[in-house]
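Letter by letter, the chains look like this.
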Amino acid sequence: MPVKKAKKAPSKGPRRARSKPKVTATRAIEPPPPYRPRRWIRFAILLMIVAAVSATVMWRRIDAQVVRRLASFEAPSIPVVYSAPLDLRSVVVRTSEEGSTSQDLLKGILFDRRYTEVASQPSRPGEFLLTTDTLTIFTRDFTTATGIPNKARKIVLSLRDGRENASQNPTAQRALLEPQIISYLGAQEMRASRFVSLDHIPQTVQRAVLAIEDERFFSHFGIDIFGISRAVVRNIIAGRLVQGGSTLTQQLAKNLFLSPKKTISRKLLEIPTALSLERHLSKQQLLELYLNEVYLGQEGSVSIHGMPQASTTLFGKNIADISVDEAATLAGIIKAPSYFNPRKHPERAKERRDTVLGKMRDLGYISATEYSAATAKPLRIAQQQEHRRIAQYFTSTLEVELSQTIDIENAPSTGLAVYTGLDLGMQRCAEAAVERGLAAIETTNPKLRRNDKQLQAALVAIEPYSGLVRSWVGGRDFGESQFNRVNLAMRQIGSTVKPFLYLTALDGSLNSYKTATAVSILEDKPMQFTTSNRGAWNPENYDHEFRGDVTLRYALEHSLNMPALYIAERIGLSTLKKTLSAFKIAPTVQEVPSIALGALDSNLLRLTAAYGALANGGVYIQPRLFTAAVDGSGDRLANSEIVEERVADEDAAFILTNMLRGVLDRGTGAKARSKGFNRQAAGKTGTSDNARDAWFIGYTPTLVAGVWLGYDDNTPISITGGAAAAPIWGDFMKCSSPFLPLGDFSPPPGVTFAEVDIRTGQIATPECPRERVITEAFVTGTQPSVRCSEHGGGDQEQEHESSTSPSRRGDRQSGFWTSLFGR
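The rules behind each value
- Residues numbered from 1 in each chain as written.
- Predicted model: local features only at pLDDT ≥ 70, side-chain atom pairs only at ≥ 80, totals over all residues.
- Heavy atoms only, no water.
- Disulfide = S-S within 2.5 Å.
- Helix = DSSP H or I, 4+ residues; strand = E, 2+ residues; numbered from the N terminus.
- Salt bridge = Lys/Arg side-chain N within 4 Å of Asp/Glu carboxyl O.
- Buried < 20%, exposed > 50% of the residue type's maximum accessible area, 1.4 Å probe, protein only.
- Phe/Tyr/Trp six-rings, centres within 6.5 Å; stacked < 30°, edge-to-face > 60°.
- Lys NZ or Arg CZ within 6 Å of the ring centre and 35° of its normal.
- Pairing = 2+ DSSP bridges.

So, on to the state of the cysteines. Every disulfide links exactly two cysteines, by a covalent bond between their sulfur atoms. Counted under the stated rule, the structure contains one disulfide. Residue C429 pairs covalently with C735 via a disulfide, S to S 2.0 Å. With the S-S bond torsion at -70 degrees, the cross-link from C429 to C735 turns out left-handed. Of the two residues, C429 is situated in helix α15 (residues 424-444) and C735 in helix α22 (residues 721-736); the sequence distance between them amounts to 306 residues. We note that C768 lacks a disulfide partner, and the nearest cysteine sulfur, in C788, lies 3.7 Å from it.

Our next topic: unusual backbone geometry. A positive phi angle is found at H544, which is not glycine, with a value near 65 degrees. Turning to its location among the elements, H544 is positioned in the loop between β20 (535-537) and β21 (548-551). Within the chain, A691 stands out as a residue other than glycine whose phi angle is a positive 55 degrees. Turning to its location among the elements, A691 is positioned in the loop between β27 (682-687) and β28 (693-699).

Now for the pattern of salt bridges. Considering all chains together, one arrives at 32 salt bridges under this definition. The partner of K317 in a salt bridge is E326, with the nearest N and O atoms 3.1 Å apart. The pair formed by K317 and E326 is uniform in burial state, with each residue classed as buried. One continuous salt-bridge network, built from bridges that share partners, spans R553, E557, R666 and E776.

Glancing now at the packing of aromatic side chains. Scanning all chains against the criterion turns up 12 aromatic pairs. Grouping aromatic residues by their ring pairs yields a cluster made of F500, F583 and Y611. Between R140 and the ring centre of Y115, over which it is positioned, the NZ or CZ distance is 4.1 Å. When the ring centre of Y711 is taken as reference, the NZ or CZ atom of K453 above it lies at 5.8 Å.

For β27, the tally of buried residues reaches six of six residues, placing the bulk of the element in the interior. Judged by which residues are buried, β27 turns out to be covered on both faces: A682, K684 and G686 on one side and G683, T685 and T687 on the other are all buried. By the bridge criterion, six bridges tie β27 to β28 in an arrangement that is antiparallel. Note that in β28 the partner of T685 across the bridge is F696. Two successive antiparallel strands, β27 and β28, enclose a turn made up of five residues, where N690 displays a positive phi of approximately 65 degrees.

Printed below as a string of structure tokens:
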């Protein structure tokens, strides 16, 4: 079957050459490309990842540091040096018996110990009420150096006789006041704090702090979002920083872990640190830690931390004893301790206190009545600082001694407390006496006030029966010169050696010749000696005059040199050297004739301690700077025991003391009485060669004190000990009388008294002129047995040879002096 051809479509125009059609490749529909974030978004994500990792690492590190810090947290305790406690009843008794009880004196003592005077009956420890006839005082708790607690109690003392609470027994109980802080050991910048548990911090204190610092403390998690928002709004409105938003936890984080500098980095670290603290501690634990750590200002170079410490520093009270207004004062200081310092800016502090009280009222912590009563009260702050450096010469020496047995550098971690015998009343008297004495001397002798050097003075007082130092002044100004002239300045002692010379003659146990007496006749005449190295030596008295025959008493009272040389002739230099060594006057004593006139070097501490043995009946006790050093747990780190040694017979020591009383009453030390000190006392002046040093050492039965004056470079001062040092001693003793136990020198059983004629040294007869008759003390058995030959008595010699006139010395003269000098 034939195939039909398809009909062609009619052409519509000229036929063109057919070209090959374009072949377009068929492409499959591709999915959209994956989403690629812009570069900045990728960077932001990466940054967030790094930040999250860093924050995690930082959080873990901060959290670990918080855990470690809390596990080992122990606030360092300032190493404290305490004075001796004060028996206030004894002060009242002493002053009343002398007819000098002064309310100003008692107030000064109590204000110095940071007690507060009140208008009504004292209700809290640290308060007192003083009337015309009585003193009512509420004492404070304290622990003695032996660890015995002394409980706070209310005491009423009669100002007439010191009787307590109308008791018929005035010695029933001592009214002890706590030891005072006299200084602290270690670095110059110190931190004072004392931890008290929250249970023992009054609610008023807790509420005062919460009211003004963080009223939502118990409802937030360490960061107060509402508080921060409110602070931001108020700061924007004010155009300046007027309010902060930190919580107590943030403040605690800053105080414990971060730098006090106000930086952004510190603020950023504050938040995670606060969160970590909230994570590991309860709210009660946080509040307790905050109240014990918050910074509350400076007292000198000491920073005060914690409400308990600030309570004692500012009010002289334990934290448990403060009132509502005082609690508000402490809470108000927190915001700006320097600006609201109640000592420097009392008006600011009072205004801030009232603000805190208003906040407490608004929050319902106190009533409107309590608010009115509290705001009406004056601001009562203890003006005497608690942390102060007084007796700096003493504490510097104490620190050197303690460092031999205690690690002073690590003392803050142990809570070191050092108890001393220093009496702050006497210490202030000593400092004042030195200051007044130097001023008076330089006024009278203007040539001693020089531009290139200063006249210096030192004073030390020791309790003779315990060895405890009661006061110590090592120079006129510790700030200008730290050289301690009490124990470091070795100076020639001059005539202060003479009592030990005469004691050797008076004490039969100290010399092998014969026992002298107070009425032994000595020769005061010129002598010339020749030495191989000095040539001719012509010793003489200070006034260049000679008096012929004098009694031993007269020679000592008027510090004559020639009779001292004659006594040295009798007893021998080796014997004198032995006595001086026994009394520990100098580290080494050379056996040379000049020691009889004091040509040997010693220091004020050694010399005063030696005189203390005279006051103590011939028993030497080594000076003691402290009684005990204990740590925070009460364990003893160091003890200072009494070390004593009998160095002279008790009877002979009393005879010497009896003669030395005449030095003050009519001899070279008479100016010591010019200051009004009239109690029984004995002492001796001293002036070194060329008047380079002026000394006076004196004592009562209960205190021995020494004074030295001079230039550090040995420049002559041309003033005697009687004119320069004795008045300072008298001023100190007069001022110290309220703190000085009463008492007279009591003769031991081996002492006998007899009336004698002072010119002949023989038993007085009724015919002897009364002005020549004195009652003299003798070691029993050495008293004269012959009646005065000038007034009707016998003319036989006394049984006990006491004269040293040439006719009685015989061959002894050549035996001693010729062997040393030639004659």
